[in-house]
Amino acid sequence: MKKRNRVIVCCLLVFGMSSILPVYAQDYSDSGYWVQKCSQPQSSQADVQACQGFQTYQQQRYEELQANIEQYSNDIASLQADTEKMEELAKTQKELQETLEGQIQEKEEALQTIQEQIKKLDTEIQKKQAEIDAWNEQIVSRMKEEQSNTGTNMVVDLIMGASDLNDMLRRITGLERITEDDQDQIEQLKELKEELDLQKSEQVRLEEDTQAQQDQLESQRQQAKQLEESYNQLAAQYQQKMAELQAAKQAAFKDIESLRSNMISVSYSGTLTNVSGFAAPISGGRISAGTWAYPGGGLHLGMDYAVPIGTPVKAPANGVILYAANPAPSNGGYLGNWSGYPFGGGNTFEMICMVNGTTYAISFAHLSREGFAVSAGQSVVQGQTLALTGNSGNSSGPHCHIEVYNLGTMSLEEAISRFSSSADFAWGTGWNSTATACENGHGTPCRERPERFFG
């Protein structure tokens, strides 16, 4: 009895596990292959069953994503001013959005293929139906002719009494009076009928799949929009805290010697060549965040160009590189990644130049490690490619962050001496306030809006 109970328990456990961990007869991990395959009519019942299994697999993926998005939304709703939790949720959001966008793209591609296949299938069904009707008429006609020649009514009565094609095929299959040629044609007719039935059932399956995917697609597009909105709110809240933290980090920084190999030498000798105006450092893209605030709120001391990774960054004027370092992966950015200098800048450089008689310092952050073509002390000319855009450091996506400092009439020698002694990218203007903005009447050095020159 105990043994029987153990068997029952084991069976229940197996049943319970199977309901939690579905086992598929096919490996559906290559979803791109299966989307393409199952978006077309299948030629066998085995393939139809495989595609039905894939639809179940896709539904499971969809439901898992819904559950994860719901959990993310609940976490966002309960979030307080916890920067670590914000960083964790920001990563989660990006992962959810990538998964969601992947499923949306799969559905869009599948729907296009399915719609094309349904049209093609409809044409094939009509053609096959016409062929079957013609064969049916030919066989019946020959049966009538045989009855006329032999005077035998049995066959014709039997055939003509059939209620439909299926009934007729069933009645005439066993008749010995049917000639061998007739039997061959009837067998081919039966095969055509089976193909037609499969095509019609596949047409129904594809039409049902289309409707189901369209419903899910609309829901997922709305979810993608909601995810983006919640992320923008999260980022704004996060950036407010990060501005305070970054200011504290920069104020506490003392180890200039650790940066010395990436800084211009105080013994540098050279001159600045004045140019009559700035050139745009980046072509294309869009301004995703301007100066002095992010779109959803939170202090932002520069301008962000949202462009694909690998977009050229060109010198906006003739100048000299004060600092350059590329220690971070090109596409390894995330909120809370403090790699690079200034902290969180990832791969960065700062240059000094003279435009219309005024000296400016310009810094670029979140660049790509690859294509980084500058080094400290290097002279550059307007329009020269200096680096490529990336997604490095404290970054939520591919972009280039640019800040501009007006140094007034400061000479190159004075600027190099000052930068070498402090490694201060902000030139004393701070990291947590807009009070040092030139437009607020602050004396030089002061922060400029990059949009004034590059917008």
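Residues numbered from 1 in each chain as written. Predicted model: local features only at pLDDT ≥ 70, side-chain atom pairs only at ≥ 80, totals over all residues. Heavy atoms only, no water.

- An unreviewed UniProt entry lists the protein chain under the name Murein DD-endopeptidase MepM/ murein hydrolase activator NlpD, with Faecalicoccus acidiformans as the source organism.

### Quick word on the overall build of the protein chain
Point 1. Scanning the protein chain from N- to C-terminus turns up nine helices and 12 strands.
Point 2. Sorting the 455 residues of the protein chain into buried and exposed places 45% on the buried side.
Point 3. Pairs at least 24 apart in sequence give 74% of the contacts found in the protein chain among residues at least 6 apart.
Point 4. Only carbon and sulfur atoms are counted for the fraction: they give 48% of the accessible area of the protein chain, which is about 23,100 Å². (Helix = DSSP H or I, 4+ residues; strand = E, 2+ residues; numbered from the N terminus. Buried < 20%, exposed > 50% of the residue type's maximum accessible area, 1.4 Å probe, protein only. Contact = heavy atoms within 4.5 Å. Areas by Shrake-Rupley, 256 points an atom, 1.4 Å probe, with all protein chains shown as cover.)

### Considerations on the nonpolar core
Point 1. Grouped together as the largest cluster of nonpolar side chains are 29 residues, with contacts concentrated most on Phe-278, Phe-349, Ile-362, Phe-364 and Phe-454.
Point 2. Put simply, the parts of the chain that give this core at least two residues each are β4 (303-306), β6 (319-325), β7 (347-355), β8 (358-367), β10 (385-388), β11 (400-406) and α9 (451-454).
Point 3. Excluding its chain neighbours within four sequence positions, the residues that come into contact with Phe-364 are Pro-281, Val-313, Pro-316, Asn-347, Thr-348, Phe-349, Met-351, Cys-400, His-401 and Ile-402.
Point 4. Ranked by size, the runner-up nonpolar core spans 26 residues in total, among them Leu-412, Ile-416, Ala-423 and Phe-425. (Core = buried A, V, L, I, M, F, W, Y, C linked by side-chain atoms within 4.5 Å.)

### Looking at the environment of Gln-97
Point 1. Mapped onto the fold, Gln-97 is located in helix α4 (residues 83-150).
Point 2. A relative accessible area of 9% places Gln-97 in the buried class.
Point 3. Residues Gln-97 and Glu-228, spaced 131 residues apart in sequence, show a C-alpha to C-alpha distance of 8.1 Å.
Point 4. Leave out the neighbours within four places in its chain, and Gln-97 touches Ala-224, Leu-227 and Glu-228.

### Some remarks on a negative patch on the surface
Point 1. A surface patch of like charges, here negative, comprises Glu-95, Glu-98, Glu-101, Glu-228 and Glu-229.
Point 2. Here the negative patch gets three residues from one element, more than from any other, and that element is α4.
Point 3. Residue placement: Glu-98 occurs in helix α4.
Point 4. Glu-98 sits in the exposed class, given a relative accessible area of 57%. (Patch = residues over 30% accessible without salt bridge, like charges linked within 9 Å, V, L, I, M, F, W, Y side chains within 5 Å. Salt bridge = Lys/Arg side-chain N within 4 Å of Asp/Glu carboxyl O. Lys, Arg positive; Asp, Glu negative; His and termini not counted. Charge placed at Lys NZ, Arg CZ, Asp CG, Glu CD.)

### Description of the state of the cysteines
Point 1. All chains considered together, the criterion is met by two disulfides.
Point 2. Here Cys-38 pairs with Cys-51 through a disulfide, and the sulfurs are 2.3 Å apart. Its torsion about the S-S bond being -90°, the disulfide of Cys-38 and Cys-51 is classed as left-handed. You can see Cys-38 sitting in helix α2 (residues 31-38) and its partner Cys-51 sitting in helix α3 (residues 45-77), a full 13 residues away along the chain.
Point 3. Across a sulfur-sulfur distance of 2.0 Å, Cys-438 and Cys-446 are joined as a disulfide pair. (Disulfide = S-S within 2.5 Å.)

### Quick notes on the pairing of β11
Point 1. Summarising burial for β11: seven of the seven residues are buried, a large majority.
Point 2. Burial of β11 is two-sided: the residues Cys-400, Ile-402, Val-404 and Asn-406 facing one way and the residues His-401, Glu-403 and Tyr-405 facing the other way are all buried.
Point 3. Summarising the sheet, β4 and β11 pair through three bridges and their orientation is antiparallel. Each bridged residue has a counterpart across the sheet, and for Asp-304 the counterpart in β11 is His-401.
Point 4. Here β11 pairs with strand β12 (residues 446-448) via three bridges, running antiparallel. Bridge pairing links Val-404 to Glu-448 in β12. (Pairing = 2+ DSSP bridges.)

### Observations concerning the side chain of Ser-395
Point 1. Looking at the element boundaries, Ser-395 is found in the loop between β10 and β11.
Point 2. A residue is classified by how much of its surface remains accessible, and Ser-395, at 0% relative accessible area, is buried.
Point 3. Separated by 3.3 Å, the side chains of Ser-395 and His-399 make a polar contact.
Point 4. Among all residues touching Ser-395, those that are not within four sequence positions of it are Gly-333, Tyr-334, Leu-335 and His-366. (Polar contact = N/O pair within 3.5 Å; in protein donor to acceptor, adjacent residues only side chain to side chain.)

### A short note on the environment of Thr-99
Point 1. Here Thr-99 is to be found in helix α4.
Point 2. Looking at Thr-99, the relative accessible area reads 37%, which means it is partly exposed.
Point 3. As for Thr-99 and Arg-61, which are separated by 38 residues in sequence, their C-alpha atoms are 9.9 Å apart.

### Details of the packing of aromatic side chains
Point 1. Taken as a whole, this structure holds 19 aromatic pairs when the rule is applied.
Point 2. On the basis of an interplanar angle of 35° and a centroid distance of 5.9 Å, the ring pair of Phe-419 and Trp-427 is categorised as tilted.
Point 3. A relative accessible area of 2% means that Trp-427 is categorised as buried.
Point 4. Site record: aromatic cluster; members linked through ring pairs are Tyr-323, Tyr-341, Phe-343, Phe-419, Phe-425 and Trp-427.
Point 5. The ring of Trp-431 has Arg-447 sitting right over it, with the charged end atom 5.4 Å from the ring centre. (Phe/Tyr/Trp six-rings, centres within 6.5 Å; stacked < 30°, edge-to-face > 60°. Lys NZ or Arg CZ within 6 Å of the ring centre and 35° of its normal.)

### Regarding the layout of surface pockets
To find leftover empty space, a probe the size of one water molecule is rolled over the atoms.
Point 1. Of the voids in this model, the second largest pocket is the one considered here, and its volume is about 320 Å³.
Point 2. Taken together, the elements giving at least two residues each to the lining of the second largest pocket come down to α2, α3, α4 and α7 (180-252).
Point 3. When the residues that make up the lining of the second largest pocket are grouped by side-chain class, the tally is seven nonpolar, seven polar and six charged. (1 Å grid on protein atoms, 1.4 Å probe; cavity = no way out; pocket = protein on both sides within 12 Å on 5 of 7 lines; lining within 4 Å. Points joined across faces, edges and corners; volume = space filled by probe spheres on them. Nonpolar A, V, L, I, M, F, W, Y, C, P; charged D, E, K, R; others polar.)

### Examining unusual backbone geometry
Point 1. Following Thr-291, the chain continues into Trp-292 via a peptide bond in cis, with omega recorded as 25°.
Point 2. Its place among the elements puts Trp-292 in strand β2 (residues 292-293).
Point 3. Residue Pro-445 is bonded to the preceding Thr-444 through a cis peptide linkage, with omega at -5°.
Point 4. The phi angle at Asn-356 is positive, at roughly 55°, despite the residue not being glycine.
Point 5. Overall, Asn-356 belongs to the exposed group, its relative accessible area being 54%.
Point 6. Not every positive phi belongs to a glycine, and His-366 is a case in point at roughly 65°.
Point 7. Residue position: His-366 is located in strand β8.
Point 8. Judged by its relative accessible area of 7%, His-366 falls in the buried class.

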